[in-house]
Amino acid sequence: MLFRSEWVGFSWRNYTHEHMRRVRGLAGTIAGVEGADPRVVTLAATLHDVTKSYDGEILTGPDGKRVLDENGFWRNATLAPARSNSVTAIYDHLGLAGSVHHVSGGAVARVLLEGRGLPGGLIDGVEQAIVEHLVATPESSVAGKCLYDADTIDANVGMPAFYRNIQISLRGQDAQFAARGESFREWLHANLGTFLDSYLREKIPAWIDGKARDFVPKLMTSTGRGVASERLDRLSRAVAEMVSELDDLDRARRHGAIRVVETFMTRRSNPRLVDELDHVEATAESGATVALVGQIRREVAGHA
């Protein structure tokens, strides 16, 4: 592991690799409809976050405005890794500290792929798609649009994004309770129903509405917008089912969709989503638990 801390920036360590795999699968699904070069999409998706972990806080100047580089992109402070590898060596050699990961990632990807003797045109397409995955426009390449959509959807829309929301939200609760000298984990164990009532009835429906309003219209392909809408509908139905389970929480914790959410909320030490799904499936008895696991697995695999 390059970083020793459990969380690096806004994500836990295991998130980045799992996110990459999901984005690669979904980008391939979108590209198959939109006609993008599958080689470009696969390589760009694999490497799109290769330097993401180095992105620290966005830099601002004395006027409070973001500091821009020569290409008009904002600059970041750099999170220095505790260890080194071939990527860190390239990153340092190219002087990429302070650049955002779509720029630094594209530059690192070029060196990695050149070192493997890939054709120049293919490398150009991969670098362009990686640069575009964070700031795609109507003029972007088809591969860049597919990657932008897949990356945006995975982090913000659907079941994996819901899982990410749980991890980030509860980490925030950990910090708030710790500031008072209390343990959120202990409080949650004793007050799961109270927390879920507010989280599932109020916070998550508002979060879903916000994603539908703020993210879906900005997706670059009709395929991506269709995938996002389908995932939001599926998640809304799942959350509605969880809300209906709150009236009999004991049963829901054994057989319901809430069993899955409780697992996500209580197993939070640098988790891996695929491991958590395996754990739930191995201990589930039947019913809504198994059904929800199946839905999440479908999205993890990159399907709509």
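Everything below is about the structure shown above.
In what follows, the accompanying structure is described. (Residues numbered from 1 in each chain as written. Predicted model: local features only at pLDDT ≥ 70, side-chain atom pairs only at ≥ 80, totals over all residues. Heavy atoms only, no water.)

A short note on the overall build of the protein
When helices and strands are tallied, the protein shows 14 helices and four strands. Summarising its shape, the C-alpha atoms of the protein cover approximately 60 × 45 × 40 Å along the three principal directions. By residue count, 49% of the 304 residues in the protein fall in the buried class. Total accessible area on the protein is roughly 14200 Å²; 51% of this is exposed by carbon and sulfur atoms. Across the protein, 36 positive and 40 negative side-chain charges occur, with their mean positions spaced 2 Å apart. (Helix = DSSP H or I, 4+ residues; strand = E, 2+ residues; numbered from the N terminus. Buried < 20%, exposed > 50% of the residue type's maximum accessible area, 1.4 Å probe, protein only. Areas by Shrake-Rupley, 256 points an atom, 1.4 Å probe, with all protein chains shown as cover. Lys, Arg positive; Asp, Glu negative; His and termini not counted. Charge placed at Lys NZ, Arg CZ, Asp CG, Glu CD.)

Considering helix H5 (residues 120-132)
Its 13 residues give H5 an end-to-end C-alpha distance of 18 Å, which sits within 8% of 18 Å, the value for a rise of 1.5 Å per residue. Here H5 has its buried residues at Leu122, Ile123, Gly125, Val126, Ala129, Ile130 and Glu132. On its buried face, H5 sits against helix H2 (38-47), helix H4 (101-114) and helix H6 (142-156). (Expected span 1.5 Å × (residues − 1). Contact = heavy atoms within 4.5 Å.)

Remarks on the nonpolar core
In this structure, Phe162, Leu196, Met242, Met265 and Ile296 are the most contacted members of the largest nonpolar core, which totals 83 residues. Dropping the residues within four chain positions of it, Leu196 is found in contact with Arg201, Leu246, Leu249, Ile258, Val261 and Met265. (Core = buried A, V, L, I, M, F, W, Y, C linked by side-chain atoms within 4.5 Å.)

A few points about H2
An α-helix turns once per 3.6 residues; consequently, residues spaced three or four apart project the same way. For H2, the full list of buried residues reads Val40, Val41, Ala44, Ala45 and Leu47. Packed against the buried residues of H2 are helix H1 (13-34), H4, H5 and H6. You can read the cap of H2 off the contacts: a side-chain oxygen lies 2.9 Å from the backbone nitrogen of Arg39, and it is on Asp37. (Polar contact = N/O pair within 3.5 Å; in protein donor to acceptor, adjacent residues only side chain to side chain.)

Looking at the pattern of salt bridges
Applying the stated rule across the entire model yields 17 salt bridges. When the shortest N-O distance is used, the salt bridge between Arg201 and Asp197 registers 2.6 Å. One end of the pair, Arg201, and the other, Asp197, are both in helix H9 (residues 192-214), four residues apart, so they sit about a helical turn from each other. When its relative accessible area of 40% is taken as the criterion, Arg201 is described as partly exposed. A salt bridge links Arg297 to Glu281; the shortest N-O distance between them is 3.0 Å. Residue Arg297 is located in helix H14 (residues 288-300), and its partner Glu281 is located in helix H13 (residues 273-283); the two are separated by 16 residues in the primary sequence. For Arg297, a relative accessible area of 27% corresponds to the partly exposed category. In this structure, a network of salt bridges that share partners links the residues Arg110, Glu114, Asp124 and Glu127. (Salt bridge = Lys/Arg side-chain N within 4 Å of Asp/Glu carboxyl O.)

With respect to the environment of Gly210
Mapped onto the elements, Gly210 comes out in helix H9. Its relative accessible area of 11% is what places Gly210 among the buried residues. The spacing of Gly210 and Asn156 is 54 residues in sequence and 10.0 Å in space, taken between C-alpha atoms.

Here we look at the packing of aromatic side chains
Following the criterion strictly, the structure yields 13 aromatic pairs and no others. Ring centres of Tyr54 and Tyr91 lie 4.4 Å apart, and the angle between their planes is 65 degrees; this geometry places the pair in the edge-to-face category. Placement of the pair is Tyr54 in the loop between H2 and strand S3 (55-58) and Tyr91 in helix H3 (residues 86-93), with a sequence separation of 37 residues. Taking the relative accessible area as the measure of exposure, Tyr54 reaches 3% and is therefore buried. A ring pair is formed by Phe177 and Phe184, whose centres lie 5.2 Å apart and whose planes are at 65 degrees; its orientation type is edge-to-face. (Phe/Tyr/Trp six-rings, centres within 6.5 Å; stacked < 30°, edge-to-face > 60°.)

Structural notes on the packing of H3 against H4
Contact geometry for H3 and H4: axes closest at 10 Å, N-to-C directions at 115 degrees. Judged on the interaxial angle alone, H4 and H3 are roughly perpendicular. H4 is crossed by H3, and the crossing has right-handed handedness. Across the interface between the two elements, Val87, Ile90 and Tyr91 of H3 pack against Ser104, Val108, Val111 and Leu112 of H4. (Axes fitted to C-alpha atoms, helices over the stretch in contact; angles between N-to-C directions. Parallel < 35°, antiparallel > 145°, perpendicular 65-115°, else oblique. Left-handed = near helix turned anticlockwise from the far one by under 90°.)

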